[in-house]
Amino acid sequence: MASTGAALAAPALLGSGPARAQETVTLKLHHFLPPVSNVHAKLLVPWTKTIEENSQGRLKIEIFPAMQLGGKPPQLYDQAANGVVDIVWTLPGNTPGRFPSTEVFELPFIAARNATANAPAAQEYGETHLAKETADTKILCFWAHDHGLIHTNKPIAKMEDLAGLKLRNPTRLAGEALTALGATSVGMPVPQVPEALAQGTIDGCVIPWEVVPSVKVDELTKFHTEIPASPTLYTTTFFLAMNKARYEGLPDDLKAVLDKNSGMAFAKLAGEMWDTVGAEVRAKVEAGGKGTISSISEEEKARWVEATKPVHVKWVEGVKAKGLDGDALIKTAQELIAKYSAA
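Presented here is an overview of the structure given in this document. (Residues numbered from 1 in each chain as written. Predicted model: local features only at pLDDT ≥ 70, side-chain atom pairs only at ≥ 80, totals over all residues. Heavy atoms only, no water.)

1. Here we look at the pattern of salt bridges
Working step 1: For the coordinates displayed, the defined rule picks out 17 salt bridges.
Working step 2: One salt-bridge network, in which partners are shared between bridges, spans Glu103, Arg172, Glu176 and Lys314. (Salt bridge = Lys/Arg side-chain N within 4 Å of Asp/Glu carboxyl O.)

2. Re the sheet that holds strand β11 (residues 292-295)
Working step 1: If you trace the six strands from one edge of the open sheet to the other, you get β7-β6-β8-β5-β9-β11, paired in mixed fashion. Only two strands of the sheet have a single neighbouring strand rather than two, namely β7 (184-187) and β11. If you compare each strand with its neighbour and ignore which way they point, the axes differ by 25° on average.
Working step 2: Bridge count for strand β5 (residues 149-152) against strand β8 (residues 204-207) is four bridges, and the pairing is antiparallel. The partner of His151 across the bridge, within β8, is Cys205.
Working step 3: In this fold helix α6 (residues 172-180) packs onto β6 (166-169), β7 and β8, with an angle of close to 155° to the strand it touches most, β6. (Pairing = 2+ DSSP bridges. Helix = DSSP H or I, 4+ residues; strand = E, 2+ residues; numbered from the N terminus. Axes fitted to C-alpha atoms, helices over the stretch in contact; angles between N-to-C directions. Contact = heavy atoms within 4.5 Å.)

3. Quick look at the nonpolar core
Working step 1: The biggest cluster of nonpolar side chains holds 86 residues, and the ones touching the most others in it are Trp47, Trp89, Trp143, Leu240 and Trp274.
Working step 2: The dominant element in this core, judged by the number of residues it contributes, is helix α11 (residues 264-288), at eight residues.
Working step 3: Setting aside residues up to four positions removed in sequence, Trp47 forms contacts with Leu29, Ile61, Ile87, Leu140, Leu240, Leu258, Asn261, Ser262 and Phe266. (Core = buried A, V, L, I, M, F, W, Y, C linked by side-chain atoms within 4.5 Å. Buried < 20%, exposed > 50% of the residue type's maximum accessible area, 1.4 Å probe, protein only.)

4. A look at the packing of helix α3 (residues 38-54) against α11
Working step 1: Two numbers describe how α3 lies on α11: the axes approach to 10 Å, and their chain directions differ by 150°. In terms of orientation, α3 lies roughly antiparallel with respect to α11. Crossing of α3 against α11: the hand is right-handed. Residues Asn38, Val39, Lys42, Leu43, Leu44 and Trp47 of α3 form the contact with α11, whose own contacting residues are Phe266, Leu269, Ala270, Met273, Trp274, Val277, Glu280 and Val281.
Working step 2: Taken together, the residues that form the contact of α3 with α11 break down as 11 nonpolar, one polar and two charged. (Parallel < 35°, antiparallel > 145°, perpendicular 65-115°, else oblique. Left-handed = near helix turned anticlockwise from the far one by under 90°. Nonpolar A, V, L, I, M, F, W, Y, C, P; charged D, E, K, R; others polar.)

5. What about the side chain of His30?
Working step 1: By secondary structure assignment, the location of His30 is in strand β1 (residues 25-30).
Working step 2: Of the residues examined, His30 reaches a relative accessible area of 0% and is grouped as buried.
Working step 3: Among the polar contacts listed, one links the side chain of His30 to the backbone nitrogen of Gln68, at a separation of 3.2 Å.
Working step 4: Separated by 2.7 Å, the side chains of His30 and Gln79 make a polar contact.
Working step 5: Not counting the four nearest positions on each side in its chain, His30 is found in contact with Phe64, Met67, Gln68, Leu69, Gly70, Leu76, Gln79, Val85, Ile87, Val88 and Trp89. (Polar contact = N/O pair within 3.5 Å; in protein donor to acceptor, adjacent residues only side chain to side chain.)

Below you can see the structure in the form of structure tokens.
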């Protein structure tokens, strides 16, 4: 792996002066969803095209979806850190406990209902709080999606309806929240969800609307249960992470192009994509008549909030052992979400 990383990094490190300033660089971006997924087609592809245009064709990013370059989704971050690939899109939650500061956004009933608040809030938070935990890569963006909802083959109106249901969770804390609500939580990367649903390994899953078509959840489940208003049950966070040596080896002008289109600029694009596509997918599912969309009541939501409070307490105690002030991080995340919700 190390030799592959060195070979990939070599083009960006060669040359200097005028010749180096004129070189063309091609980066490899690896991720876990198929090319038909909305993140691939409506976020990553347009982003790479913008970067190529802004660099007059001198900085190109080639995308490899569906783990085409090998490995499994939980290995993506290390692929970037070790130079096996140049850039990855991945979930910090794929490696539970490794990035504890990111988990504050994944606690139950912290995140907003919309990604246009969650995504920039997470990015601003990340600029201050993630440097130590992600020191082995260059984080191009840290963001979070919109509200996640529960997809099952039985209606869910109250907490008791979740009892015993095997539900896929995207992150450790979403799993703890589901357990607190009475479900049996099953952790797995999202590409495994269709097979698990089809085989009955799980009874349902929690994912946002945006990803529903890519993993055929609209075809494999009949009931889609939303949680009203903000804060919502959960969100998932993401990294767009780059090999540090590869980034630092870019010519200054190409580095500037990448910087301009990363960070908060990328987070805002991501937030807009999630909210727009989520609404479109929801409307299609509703119009198609294949499933029933419902929402728990505000009174029932209050029961869920109360039932999941121990998840917060346990998390604060857990991160304290890692030198983190969990209560302060929760307060910061809530303030940032409020800031961007009002923007």
